[in-house]
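# A structural walkthrough
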Amino acid sequence: MLSRLPLGVKRRLDTVFYLFFFFMGLVTILVTFLIVLALVLDTIKFFMHEEAGGFPKSLIRFFTETQWTPTFYDKQIGILPLLNGTFMIAFIAGVISIPVGLVIAAYLSEFASFKTREFIKPWLDFMEAVPTVVYGYFALLVVTPVLQKFFSLFGIEMEGMNALSPGIVLGFMILPFTASMVEDAFRGVPTYLREASYALGANKVTTFFRVVLPAARSGVLAAYLLGISRALGETMVVAVAAGMYPNLTLNPLEPIQTITGYIVQVALGDLPFNSFEYLSIFAAGMFLFITTLIFNLLAVYFKSKVKGY
């Protein structure tokens, strides 16, 4: 139909579509800017608030105090307990998703037949489509009781709310995302590099470890940085199964609270708008935003280091 239109009409249509997509791009940038602006302004209000001690004392307290109780009478605003819980969950998730995702991606990219790959990929996509709250209740109602029985065999007590169970489930939740990106990195390695390795007498396993993996290392690292960034920002799994206690501990069997879990806890409460307690979620959110932004920028940097062949 479009091929039959006069040239002048085609050009006008091109202009209309160009302006439409350009406007949509500007709207996306504007919305992102407004979100960040709202986050920054309320974070400034939090650090300037008299209950935080005013700036810069509040900023020093934010990074040095070891308790997070802005909603209590004795208000302490040390972000370390929330940061500890957030990174502990992300670390456990990474321990699960990094090796398993690497194996799955390597198999799909280098060893699986076309039919096998087409059978497995939809199941990975299905895992990614499951609502996160389902993963959260699975961690709470299935994984935690199993782990409690396991640790009880060794006389170790595990709390009903803990970091280990949601960390494990979160590792499998981000697995489709990381495995897919790592597979893309492997498949981006040119075929002639593999063929050169085969011509020298190497088998598929040797070719993968000596040729494909080193060539794709930047893309693999970028994929896992993005996966960890996603784990840092996960909300429902940790809100349901990790607990609501900002605990500065390295024991994954104890209850903890993440930054996202705290935001959910306070945002669903009945705190007055613009109160010190309410503003605390913006300070915590701003810190999480900066943290994930750093991970994303590192991922972009390593992705840009992928060599062109």
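Placed above this text is the structure.
These remarks concern the structure in this document.

Conventions used here
Residues numbered from 1 in each chain as written. Predicted model: local features only at pLDDT ≥ 70, side-chain atom pairs only at ≥ 80, totals over all residues. Heavy atoms only, no water. Buried < 20%, exposed > 50% of the residue type's maximum accessible area, 1.4 Å probe, protein only. Helix = DSSP H or I, 4+ residues; strand = E, 2+ residues; numbered from the N terminus. Arc of directions from axis to C-beta. Contact = heavy atoms within 4.5 Å. Polar contact = N/O pair within 3.5 Å; in protein donor to acceptor, adjacent residues only side chain to side chain.

Of all the residues in helix 9 (residues 204-215), the buried ones are T207, F208, V212 and A215. One face of helix 9 carries all of its buried residues, which in axial projection span an arc of 100°. Along helix 9, exposed side chains directed more than 90 degrees from the buried face belong to F209 and R210. Of the surrounding secondary structure, the elements contacted by the buried residues of helix 9 are helix 3 (80-111), helix 7 (175-187), helix 8 (191-199) and helix 10 (217-232). The opening residue of helix 9, the one whose side-chain oxygen lies 3.3 Å from the backbone nitrogen of V205, is N203.

With respect to burial, helix 6 (residues 164-173) is a largely interior element, nine of its 10 residues being buried. Of all the positions in helix 6, only L164, S165, P166, G167, I168, V169, L170, G171 and M173 are classed as buried. Where helix 6 is buried, its residues touch helix 3, helix 5 (132-152), helix 7, helix 10 and helix 11 (236-241).

This part is about the side chain of D42. As for its position among the elements, D42 is in helix 1 (residues 7-48). Not counting the four nearest positions on each side in its chain, D42 is found in contact with N274, L279 and F282.

Remember that the coordinates give geometry; whether it matters functionally is a separate question.
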